[in-house]
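If you want the building blocks of each chain, they are given just below.
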Amino acid sequence: MTTTMEVDFQNSLIFVLLCLLSLLCYSLYVRRPQRFDLPPSPPSLPLIGHFHLILSLLIHKSFQKLSSKHGPLLYLRIFNVPIVLVSSSSVASEIFKTHDLNVSFRGLPPLDESLLFGSSTFLMAPHGDYLKFMKKLLVTNLLGSQALERSRCIRADELERFYANLLGKAINKEMVDIGKEAMKVSNKIIFKMLMGSRYCLEDDGEAERARGLVIESFSLLKKLALATLLRRPLEKFGISLFRKDILSVSRRFDELLERILEEHEEKPSEHQDADMMDVLLEAFRDGNAEYKITRNHIKTFFIASELFIAGTDSMGQTTQWAMAELVNNPNILERLRKEIESVVGKTSLIQETDLPSLPYLQAVVKEVLRLHPPAPLFARTSREQCRIRGFYIPENTTLLVNVYAVMRDPGSWEDPDEFNPERFLASLGTGEEDERREQAHKYIPFGGGRRGCPGANLAYIFIGTAVGMMVQCFDWKIKGGQVKLEEAAGELNLTMAHPLKCTPVARPIKPLGFK
Ligand code: HEM
């Protein structure tokens, strides 16, 4: 009896020891190496992890400092949310070339009852059939080169109005808030490209209302990014941040778009004048469409195209930074003006068809986007675990690409903090050098891979013609003679801390048709 008990006891002990041994082997050879394989991580604090490091008001700069000290691929933890920080072109290139599909998700949690941040917006939608279908519609009908060719007169009209507005200010010696004026123009252009000629009235209230909602949504987007970081710790206490504000803006967007939708249904445009709303309504009614879209999809499409870091804000901000750099660099401004005058002359206003013949203007725009990218950071999420530079990246990890650090990396750019458009002229004529930089992901103001920005062509056209017109037709007076190029704190996009306000002085240029 005793012997049987002893044998049983010995067997159980062996069994427990075997279990412990396998657990040890599992943790050593299966789990532990993965933990040890994570990218390098700077020292962190208990509970909050690296949260104190992002409390700085210029997050992209704090991250840049962190990466220059600890390396271009870092593993950070904000409370219990892991983040992988990417700060060099070689790591960005590996991500876009090798892991593009795996990181084609933004990973923000959608708020499904909201039109603004629901799962069918460009921002939240996972990569798949729906997003592919909507992007195809966006490129074919709005942002691709043929679609841009069709909407050229909308932009030419708005550029003339912009010129007339500045001329009025010059005559009255009034100061101009360049970013604000440029944002108004870019917003009107996108609104008209989307909604068609019926909204072309100068004092159109719907465009104004949409602009107000875009501004509100932008500040919500910033809060949403913060809420995403704090989501997991706060959810434990049943706290959901900003939900009420998001739903309120969504409801007002919904009402505005429902009105516009109904108008389009009552009075559809003739085929040749069909605008984006008509195109989407046709896809909505088409039983054989590649993807069956709903009425809500149509609305979210407009919100996304209007809002997503899109036209309105990014193009306005970049135009402002460009003018600030030019005011501070009179030699560059003079060289640019000479180029424009030699190609466009003194009796016509610069047109977008002139842009290919204005390489220095193109170089100025590129250099401004390099130094002052409107989206200094963008996020992707790994759907599955993967290895980047040999390091283990767990599934569902946010990858934060520091565009600002990549485009100011001294390893890729000579004198990276200098405003020097000439660096983009090396490729003059062939464009080969520019292409090489883009291929190597050294120049990424528009992101990269399949979730890269589809609005890049429109952005180059808008910024090129707006800056070109302001240089061609006006001198710019500013108090103190120099602009402070400081970045605003606590913004999601790269904004000037002190908006550029200067007075235009009309030059002896007389575009035909203007008195
Ligand atoms: C200076 C102007 C602009 C800049 C710097 C810019 C930059 C960006 C960046 C960095 C992204 C994220 C890319 C990524 O994750 O790889 C993005 C996405 C996007 N942008 Fe732009 N953008 C600009 C203008 C525009 C315009 C004019 C439009 C359309 C009217 C637009 C529409 C979009 C859309 C729809 C996405 C989301 C694409 C997706 O998630 O698949 N952007 N943009």
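Residues numbered from 1 in each chain as written. Predicted model: local features only at pLDDT ≥ 70, side-chain atom pairs only at ≥ 80, totals over all residues.

Per an unreviewed UniProt entry, the recorded name for the protein is Cytochrome P450, and the organism is Brassica napus. In UniProt, the protein has this text filed under Subcellular location (unreviewed entry): "Membrane". (UniProt positions renumbered as here; feature names shortened; annotations may be inferred.)

In this structure, D278 sits in helix α10 (residues 276–285). What makes D278 partly exposed here is the crowd of 19 C-beta atoms within 10 Å. Linking D278 and M195, residues 83 residues apart in sequence, is a C-alpha distance of 8.6 Å. (Helix = DSSP H or I, 4+ residues; strand = E, 2+ residues; numbered from the N terminus. Buried ≥ 20, exposed ≤ 12 C-beta atoms within 10 Å, placed from the backbone.)

Our next topic: the environment of L369. Locating L369 in the fold gives a position in helix α14 (residues 359–371). The sequence separation of L369 and E94 amounts to 275 residues, and the corresponding C-alpha distance is 22 Å. Aside from chain neighbours lying at most four places away, what touches L369 is T318 and P445. (Contact = placed C-beta atoms within 7 Å.)

Another aspect to go through is unusual backbone geometry. Despite not being glycine, L47 shows a phi value in the positive range, around 70°. Among the secondary structure elements, L47 is positioned in the loop between α1 (2–36) and α2 (59–70). By the C-beta count within 10 Å, which is 10 here, L47 ends up exposed. At R389, a residue that is not glycine, the phi angle is positive and equals roughly 50°. Topologically, R389 is positioned in the loop between β5 (386–388) and β6 (391–393).

This brings us to the nonpolar core. Among the nonpolar cores identified, the biggest contains 73 residues, and A322, V364, A466, V467 and M469 are the most heavily contacted of them. If you look at the next biggest cluster of nonpolar residues, it comprises 34 residues, including L85, A92, V401 and A405. (Core = buried A, V, L, I, M, F, W, Y, C linked by C-beta atoms within 7 Å.)

With that out of the way, let us pick up the sheet that holds strand β2 (residues 81–86). Strand order in the open sheet formed by four strands is β1-β2-β7-β4, with mixed pairing between adjacent strands. Unpaired on one side and paired on the other, β1 (73–78) and β4 (377–381) mark the two borders of the sheet. Neighbour to neighbour, the strand axes of the sheet diverge by 30° on average, direction disregarded. Here β4 runs beside strand β7 (residues 398–402); their pairing, made up of five bridges, is antiparallel. Within the sheet, the bridge partner assigned to A379 lies in β7 and is L400. Against the sheet, α2 touches β1, β2, β4 and β7, its axis set at about 95° to β7. Helix α3 (residues 89–98) contacts β1, β2 and β7 of the sheet and is inclined by roughly 115° relative to β2. (Pairing = 2+ DSSP bridges. Axes fitted to C-alpha atoms, helices over the stretch in contact; angles between N-to-C directions.)

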